[in-house]
Structures are given as structure tokens and as C-alpha cells.
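# Coordinates in review
Residue-level listing of the chains:
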Number of protein chains: 2
Amino acid sequence: MSRPEPVSRRARPAKPPLSRGAILDAAVAVVQKEGAAKLTMRRLASELDTGPASLYVYVKNTTELNALLIDRHLGELDLTWGESEPWRDRLERVLDDYARLLASQPGLAAAALVTWPDGAHYLDLLELLMRLLRSAGVTGERAARGVDLLLQYATASAAEWAARAGGEQELSDLAEILDAADPHRHPELHAAGAALFTAGSPEERTRWATRAIVDGILASAPGGA
Amino acid sequence: MSRPEPVSRRARPAKPPLSRGAILDAAVAVVQKEGAAKLTMRRLASELDTGPASLYVYVKNTTELNALLIDRHLGELDLTWGESEPWRDRLERVLDDYARLLASQPGLAAAALVTWPDGAHYLDLLELLMRLLRSAGVTGERAARGVDLLLQYATASAAEWAARAGGEQELSDLAEILDAADPHRHPELHAAGAALFTAGSPEERTRWATRAIVDGILASAPGGA
DNA sequence: ACCTGAACACCGTTCAAGT
DNA sequence: ACCTGAACACCGTTCAAGT
């Protein structure tokens, strides 16, 4: 009884009760420690000192787990817009933030491509993009499709970066292939050379692509079709 | 000796010798029979009546296997252009063909997103796209980035379709989430409604997106940056 | 030299059985 | 009612050992 705060000092019990929240916390911890590739139901269960079966009481499957995790990280992003920042700058910034978020953990981007990270924070992201496009004069169906397209680009880019960082295939491999292009069968590629396809930093390339897509949305016929 | 063509009638021996070609043939057969999700090294080995280790003599890993398979299917596509067809129609057609090809087999699109399908046929595809963009007045670095962007879109779309067809998540789930958008926190989404995001057939949406991207490439500054 | 059986180190998901 | 041990049905990749 001499120590006044034994509870706060050793507050974590060996096995806190399971819950969606606790599972997500553990998932974040696993990803931080070992990377998203290691985030599996089994690894997650062992982090929580239980068997994998127990997780299925709270999470439907791996896809849902990833969707929950993405939404959680989305909550850490700034998804507001004060309108003092030009819409185009804000749009580029939020897409860059989103892509970085997904790319930071290899498995996330692939998951986002295939599943809707359906949560409150994802809706915040959609809402922000819709607002930004509206202020650019794009509304209705065209805006919805634009948002779709922009997010798809950000997600696919992130998946690419993550794969590249994972080291599967080097950019130099690609360069080699292009440099070997037969001048008769592939005159354009031969003339262009590999440098063209690998020029610029990823950030700079992304900025170019985002601008091109936004320009495309602005240029597309307002009536749809 | 009474039968004249015993060899041709039972030409296939129980175990044809392994080779890159034979492995790829077997891969095509497996995918045709059971879908690309079932195309695994182990399943492929069993199709060839051998152990999985044997495949590694000819194929570096699963990623390379998928890249080879994509290039093989690319060989079945028409990648020529007679210039009688308007460049924009031809461009939309080839992207649609490519996306359909990748979507036809769930695992392929995901693989293409992460790996360069480095083969002669993939170079044909790049060459065709470069030619089409050139005839639209886009050359050099801008063309290279445009090709990159167009292919990324086609690949990501295919990955999405394939996932949807795989049935992971219904469009109706998404509609439910959007319909439940809080009018105060998400006024744009609330006003837009789920219908906006799900309007139109996939084909029609793809056509819109392709056009928007092409418009964007045309609009983007020729000087780069 | 070439090939491969068997092993290593994992997966996601289910369900019968326990508390 | 809630939870989970154990099993089912798989993975990719490596390497020592065989021919």
C-alpha cells in the first residue's frame, strides 16, 4: 500500500478485452513495428494474445480490416478547407497527402484500390473533393466522376510507389528494356528512349498528372456522356 | 502396326519437358479452367505433373509469371493502327481492350499495377499509344507521361472491375453509406446522393474518364512542369 | 548439370467444442 | 452467449539430396 499509483504505472493488463477499437490499435502497432505486409489476421491475433478465430467476432475479413485501418489513418489527415487557399493548391495537397498515406504502408494502397474505405473520414475526403470541384465550377455527375477519377489516380500511384519501394522491380530494369527497343518495330520508343519515361521525380510526375486530370475534368463536357 | 498414326493420336506424352513456353501454356490452361485467382505456383506445378520447385528453374517468381502471362495475352490483341481510324477512337478502343483483358482474370490487373509486363507485346502497346498521341500533337516527355497515365487508368479500372466481379463489396453497400451521409457534416454528399456516384454503366464511365484524361493531356503545358 | 522431394515458414477462414 | 483451439485447405520459396 506504500505506492500510490500502482494502477497507472502498470495499467496495461496482460489481456485487455477484445473490441473493434482494441483490434485496430493492435493493427496500427503491428504495421508500425513490422510494416503493412506483416499485418495478417494471425499476426494480429498473436499481438492480442489470442487465436485468429477471435478476430472474426469483430472484423468480417481481411478486406474489412484494411478498410477500417485506412479510415483510421484518414482521420489523422487535415481534411478541412478554409477557402483562403486556392482550390487547386488545396486539391493537389490533399491528393498528395492521401497518396502518401496509402504508400506509407505497402498493403494499404492495394486494399484501397479494391475496397471502399467506408468510414466517416473517407466521407470527409469525398466531401472535401466535392467542395473543391464545386468551387472550380464542376458539379453534379461530372464532379462525382471527377472525384472518382482523382482518387483512383492517387490510389494507383500509391500502389505503384509502394511496389517500387518494396523493391520488386527496379526502374533500371524498365530502362534497359526500353533502351533495347528495336528501331524498326518500335521507332517511337527508340526515338524517345528510356529517359523520357523515367524523367522527373515521383513528386513532380504526380503533380503533372494531377494537373492533367483536373484540366481534363474542367474540359470535359458538362452535360455528361 | 495396323494403326497408321499412333503417334499423332496420342502425341501428348504424360510429361512433356518443362520450358518457359510449356509453363506458360499450362498457366493459360489453369486460368481458363479455374480463374486467375487459382493460378499459383503449386497449382501450376500440379498441372505440369511436377513439384513447385521445378518451376523456379524457368520463372523467377510469381510476379514474373504474371508479367509473362500478361504479355502473352497482349499478343492476342490488335495493336496496329492504319490511320484510317481517327486517333481518338483508336486510343479509346485499345485502352478498352487492354482493360478488358486485365479484368478478364482477377489476378492480372493487380499484377499489372505492380509490375511492368515487360515483353515485346507490351512494347507494341507503348509504341501504339505514343504514335496515337503524336498524331494528336503530343510528343516527348508529355507523351511519355500521358501514356503512363492512360495505362495506369486502364489498369486501375480493370483491378476495380475484377474486384467488383469477385463480389467483395457490392455497389449497393456504397450506395447505403452515401445515402446515410449526414446533411450537416457532408452537405455535398447529402445533396449529391448515392445515385451520382453509381450513375452510368462501367463502359460509359470509362469512356468519360478516358476522354477526360486525354483532354487533360492535350491541355497540359507542352513544356512540362 | 539438371531437377525435385520435402521442408520451412507462413496464410485466411470455419466450426465444433468448451466456458 | 460468447469465445477459441484446432483443423482445413491452402500459399511462395529454398535447398539438400538425388539422378
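Residues numbered from 1 in each chain as written. Chains lettered and ligands numbered in written order. Predicted model: local features only at pLDDT ≥ 70, side-chain atom pairs only at ≥ 80, totals over all residues. Heavy atoms only, no water.

The local shell around DNA strand C holds 16 residues, among which Arg42, Tyr56 and Thr62 of chain A together with Ala53 and Ser54 of chain B are the closest. Contacts to DNA strand C include Met41 of chain A, whose backbone N or O atom sits 3.1 Å from a phosphate oxygen. Here a base oxygen of DNA strand C sits 2.5 Å away from a polar atom, N or O, in the side chain of Arg42 of chain A. If you list the elements that add at least two residues to the surface near DNA strand C, you get helix H3 (41-47) and helix H4 (52-55) of chain A together with helix H4 (52-55) of chain B. Grouping the amino acids of the surface near DNA strand C by side-chain chemistry returns seven nonpolar, six polar and three charged. (Near = heavy atom within 4 Å. Polar contact = N/O pair within 3.5 Å; in protein donor to acceptor, adjacent residues only side chain to side chain. Helix = DSSP H or I, 4+ residues; strand = E, 2+ residues; numbered from the N terminus. Nonpolar A, V, L, I, M, F, W, Y, C, P; charged D, E, K, R; others polar.)

Once that is clear, we can look at the protein's contact with DNA strand D. Neighbouring DNA strand D are 17 residues; Ala53 and Ser54 of chain A together with Arg42, Tyr56 and Thr62 of chain B lie closest to it. Expressed as a percentage, the sugar and phosphate content of the atoms of DNA strand D within 4 Å of the protein is 54%. The separation between a phosphate oxygen of DNA strand D and a polar main-chain atom of Met41 of chain B is 3.1 Å. One of the side-chain N or O atoms of Arg42 of chain B is found 2.5 Å from a base oxygen in DNA strand D. Counting only elements with at least two residues in the surface near DNA strand D, the list comes to H4 of chain A together with helix H3 (41-47) and H4 of chain B. When grouped by side-chain class, the residues that make up the surface near DNA strand D number eight nonpolar, six polar and three charged.

If you rotate chain B by 180 degrees and push it 0.0 Å along the axis, it lands on chain A with an RMSD of 0.0 Å. The operation mapping one copy onto its partner corresponds to a two-fold rotation axis. Considering only C-alpha atoms, the residue of chain B closest to the rotation axis is Gly216 of chain B, which sits at 1.9 Å. Comparing interface residues between copies, 100% of those in chain B also sit at the interface in chain A, which points to an isologous, same-surface contact. (Least-squares fit on C-alpha atoms with pLDDT ≥ 70 in both. Contact = heavy atoms within 4.5 Å.)

In this section: the environment of Gly51 of chain A. Residue and element names in this part refer to chain A. With respect to the element layout, Gly51 can be found in the loop between H3 and H4. Overall, the relative accessible area of 31% leaves Gly51 in the partly exposed class. As a C-alpha pair, Gly51 and Met41 span 10 residues in sequence and 9.1 Å in three-dimensional space. (Buried < 20%, exposed > 50% of the residue type's maximum accessible area, 1.4 Å probe, protein only.)

Moving on: the pattern of salt bridges. Taken as a whole and assessed by the stated rule, the structure comprises 32 salt bridges over all chains. Note that Arg185 of chain B and Asp124 of chain A form a salt bridge whose closest N and O atoms lie 2.6 Å from each other. Taken together, the positions of Arg185 of chain B in the loop between helix H10 (171-179) and helix H11 (187-192) and Asp124 of chain A in helix H8 (residues 120-135) put the pair across two chains. When its relative accessible area of 42% is taken as the criterion, Arg185 of chain B is described as partly exposed. A salt bridge links Arg145 of chain B to Glu141 of chain B; its shortest N-O distance comes to 3.0 Å. On the criterion of helical spacing, the pair formed by Arg145 of chain B and Glu141 of chain B is a turn pair, its members being four residues apart in helix H9 (residues 140-166). Under the relative-accessibility criterion, Arg145 of chain B is labelled buried at 4%. Linked by salt bridges that have partners in common, Lys33, Glu34, Arg43 and Glu47 of chain A make up one network. (Salt bridge = Lys/Arg side-chain N within 4 Å of Asp/Glu carboxyl O.)

With that out of the way, let us pick up the interface of chain B and chain A. The interface of chain B with chain A comprises 61 residues on the first partner and 61 residues on the second. In total, about 5800 Å² of surface goes out of reach between chain B and chain A, with carbon and sulfur atoms giving 61% of it. When residues of chain B are sorted by the area they lose upon contact with chain A, Arg145, Glu188 and Trp208 of chain B head the list and together hold 14% of the total. Glu204 of chain A is the partner of Arg145 of chain B in a salt bridge, and the nearest nitrogen-oxygen pair spans 2.8 Å. Applying the counting rule to chain B against chain A returns 18 residue pairs in polar contact (both at pLDDT 80 or more). Put simply, the parts of the chain that give the side of chain B that touches chain A at least two residues each are helix H7 (106-114), helix H8 (120-135), H9, H10, H11, helix H12 (194-198) and helix H13 (202-219) of chain B. The class makeup of the residues in the side of chain B that touches chain A is 30 nonpolar, 13 polar and 18 charged. (Buried area = accessible area lost by both parts, 1.4 Å probe.)

What follows deals with the environment of His121 of chain A. Mapping His121 of chain A onto the fold places it in helix H8. Residue classification places His121 of chain A among the partly exposed positions, given a relative accessible area of 26%. His121 of chain A has contacts with Asp71, Leu74, Gly75 and Leu79 of chain A together with Arg185 of chain B, leaving out every residue within four places of it along the chain.

For the rest of this paragraph, the subject is the nonpolar core. Ranked by internal contacts, the top residues of the largest apolar core, which has 146 residues, are Leu44 and Tyr98 of chain A together with Leu44 and Tyr98 of chain B. If sequence neighbours within four positions are ignored, Leu44 of chain B has contacts with Ile23, Ala26, Ala27, Val30, Leu39, Leu55 and Leu65 of chain B. (Core = buried A, V, L, I, M, F, W, Y, C linked by side-chain atoms within 4.5 Å.)

Residue and element names in this part refer to chain A. What the rule picks out here adds up to two aromatic pairs over all chains. Relative to Tyr122, the ring of Trp116 lies with its centre 5.4 Å away and its plane at 80 degrees, an arrangement referred to as edge-to-face. For Tyr122, a relative accessible area of 7% translates into the label buried. (Phe/Tyr/Trp six-rings, centres within 6.5 Å; stacked < 30°, edge-to-face > 60°.)

A rise of 1.5 Å per residue sets the reference length of helix H6 (residues 87-103) of chain B, with its 17 residues, at 24 Å; its end C-alpha atoms lie 24 Å apart and thus fit the reference within 8%. Residues Trp87, Arg90, Leu91, Glu92, Val94, Leu95, Tyr98, Ala99, Leu101, Leu102 and Ala103 of chain B constitute the buried set of H6 of chain B. (Expected span 1.5 Å × (residues − 1).)

Now for empty space enclosed by the protein. Scanning all chains against the criterion turns up five cavities of 30 Å³ or more. Along its surface, the largest cavity is lined by 14 residues, and Ala112, Trp116, Tyr122 and Asp148 of chain A together with Glu160 of chain B are the ones closest to its centre. With four residues, helix H9 (residues 140-166) of chain A is the largest single contributor of residues to the lining of the largest cavity. Looking at the lining of the largest cavity, its residues break down into eight nonpolar, three polar and three charged. As a volume, the second largest cavity reaches approximately 50 Å³. (1 Å grid on protein atoms, 1.4 Å probe; cavity = no way out; pocket = protein on both sides within 12 Å on 5 of 7 lines; lining within 4 Å. Points joined across faces, edges and corners; volume = space filled by probe spheres on them.)

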